[in-house]
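In case you want the letters, here they are:
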Amino acid sequence: MRHRSHKIWDILAQPRHHDFPVRAPVRPRYLLGCGRYRCSYLQLVPPENTHEKFMRAALAEAKKGLGRTSPNPAVGAVLVKGNRIIARGYHRQAGGDHAEVDCLRKLAGPVPPGAILYVTLEPCSTRGRTAPCANYIIERSVRSIVIGTIDPNPQHRGRAVELLRAGGVDVTTGTLEEECARLNEGFNKWFVTGEPFVIAKCGMSLDAHLTRPPGESRWLTSESSRAHAQKLRAVVDAIIVGAETIRRDNPYLTVRSGPRRVQPLRVILTRSGRLPQTAKVFCDSNRDRTLIYRNKTLRSVLRDLGRRKVTSVLIEGGGDVLSQAFDQRLVDKVQIYIAPIFTGGNVLAFGGKGAPSTEGSMRLESPLYQRIGEDICVTGYPKPSS
């Protein structure tokens, strides 16, 4: 039996032409069932090192602040001593304690020698609504810090690292850098360009329609998909729709579940200005968070929202607004829910002009396909085709 298992291991460990390349020792994982072991799958992911392990813990803290810190980034921190987390913290809202301060203030007594502070974003180095975190870290006698990603602000980028090192702190940067940066992709774009990060979201049929035939239910996707989309609303600063969506669907455009400090702005684009005054967005308790732009280009609207410190927007429809966004190459990320039906509805998801050629078309970078009930959710970042 031992000899036979060894042969199985040898076979499984050999990469084949249709396998992923093996970059780490391949370890088969087994599940116990029916009184004997059976091979479940191959574990191709290399084991995490200690810094990555605790940076993931800091990322988990940072995610608690998503949708609540704008126009500040979401940041998390953990303090580790002897391979054990002894304090945690995250940035809860703009004007409040930053993650590093929140974490260190939870510690009873001085920071123990040999403790390591993990933080997802380079600490601030200048005084704003709060004192510089870099100075506080030095004052608390932290002697080692691991930073996920560097401050995107060109004027401050790397400054805290220099201050910390000058203060006798051992600094390591770039641990889970991509994941830490992507956590604040909206803030990063807004800070550098002055324009919000644009997410295009829709639920459509297999024949690329946003609607059913007239007179039928408005919903194409499942209840599970709609609940999943609510989580996306909870982390953006504004939701953009066209006037026809207000007339046809009369949506609330609010976040109805999960923690959030304030509701996102509701932005309506209209040419004529003729909107039903009885629409829910004008009559509910959030009516003061509804903005109307008449005869404005989508880009000019985005620039104005950026000046209002809106760091991220969600375009929910309809087809005309989505088409403008793609034709003008304004979309930074897509999240599309595809229902397994052909509707023949009268509103196309992406009409517009389209690409002049396949070579000039956009393709999704790093697409993610997720099954939600009977639907498929496709998420990715549009990039020009090479």
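Attention here is on the structure that accompanies the text. (Residues numbered from 1 in each chain as written. Predicted model: local features only at pLDDT ≥ 70, side-chain atom pairs only at ≥ 80, totals over all residues. Heavy atoms only, no water.)

**Section: the sheet that holds strand E4 (residues 84–90)**
Picture the strands of a sheet paired through backbone hydrogen bonds; they go either parallel or antiparallel.
Then comes step 1: An order of E4-E3-E5-E6-E7 is seen for the 5 strands of this open sheet, with the pairing classed as mixed. Because the sheet does not close on itself, it has two edges, and the strands there are E4 and strand E7 (170–173). In this sheet, neighbouring strand axes are inclined to one another by 20° on average, regardless of whether the strands run parallel or antiparallel.
Then comes step 2: Summarising the sheet, strand E3 (residues 76–81) and E4 pair through 6 bridges and their orientation is antiparallel. By the bridge assignment, Lys81 is partnered in E4 with Arg84.
Then comes step 3: Running over the sheet, helix H5 (residues 159–166) touches strand E6 (144–149) and E7 and is turned about 150° from E7. (Pairing = 2+ DSSP bridges. Helix = DSSP H or I, 4+ residues; strand = E, 2+ residues; numbered from the N terminus. Axes fitted to C-alpha atoms, helices over the stretch in contact; angles between N-to-C directions. Contact = heavy atoms within 4.5 Å.)

**With respect to helix H12 (residues 319–327)**
Then comes step 1: Residues Gly319, Val321, Leu322, Ser323, Ala325 and Phe326 constitute the buried set of H12.
Then comes step 2: Count one or two residues on from H12 and you reach Arg329, which has phi positive near 55°. (Buried < 20%, exposed > 50% of the residue type's maximum accessible area, 1.4 Å probe, protein only.)

**Digging into the environment of Asp320**
Then comes step 1: Tracing the chain through its elements places Asp320 in helix H12.
Then comes step 2: Classification of Asp320 by relative accessible area gives partly exposed; the value is 41%.
Then comes step 3: Each C-alpha atom of the pair Asp320 and Ala243 lies 9.9 Å from the other, and the pair is 77 residues apart in sequence.

**Some details on the nonpolar core**
Then comes step 1: In this structure, Ile240, Val267, Leu269, Leu305, Val313 and Ile315 are the most contacted members of the largest nonpolar core, which totals 29 residues.
Then comes step 2: Mapped onto this core, the elements with two or more residues apiece are strand E8 (197–204), strand E9 (238–242), strand E10 (265–270), strand E11 (290–294), helix H11 (298–307), strand E12 (312–317), H12 and strand E13 (333–338).
Then comes step 3: In this structure, Val267 is in contact with Ala238, Ile239, Ile240, Val241, Leu291, Tyr293, Val301 and Leu305, ignoring residues within four places of it in sequence.
Then comes step 4: Counting 28 residues, the second largest nonpolar core, distinct from the first, contains Val111, Tyr136, Ala160 and Val169. (Core = buried A, V, L, I, M, F, W, Y, C linked by side-chain atoms within 4.5 Å.)

**Description of the sheet that holds strand E15 (residues 375–384)**
Then comes step 1: Strands sit in the order E11-E10-E9-E12-E8-E13-E15-E14 across an open sheet of 8 strands; the sheet is mixed. Unpaired on one side and paired on the other, E11 and strand E14 (362–372) mark the two borders of the sheet. Within the sheet, the average angular offset between the axes of one strand and its neighbour, ignoring direction, is 20°.
Then comes step 2: Contacts from H12 reach E8, E9, E10, E12, E13 and E14, with the element oriented near 130° to E12.

Any functional reading would require information beyond the geometric quantities listed.
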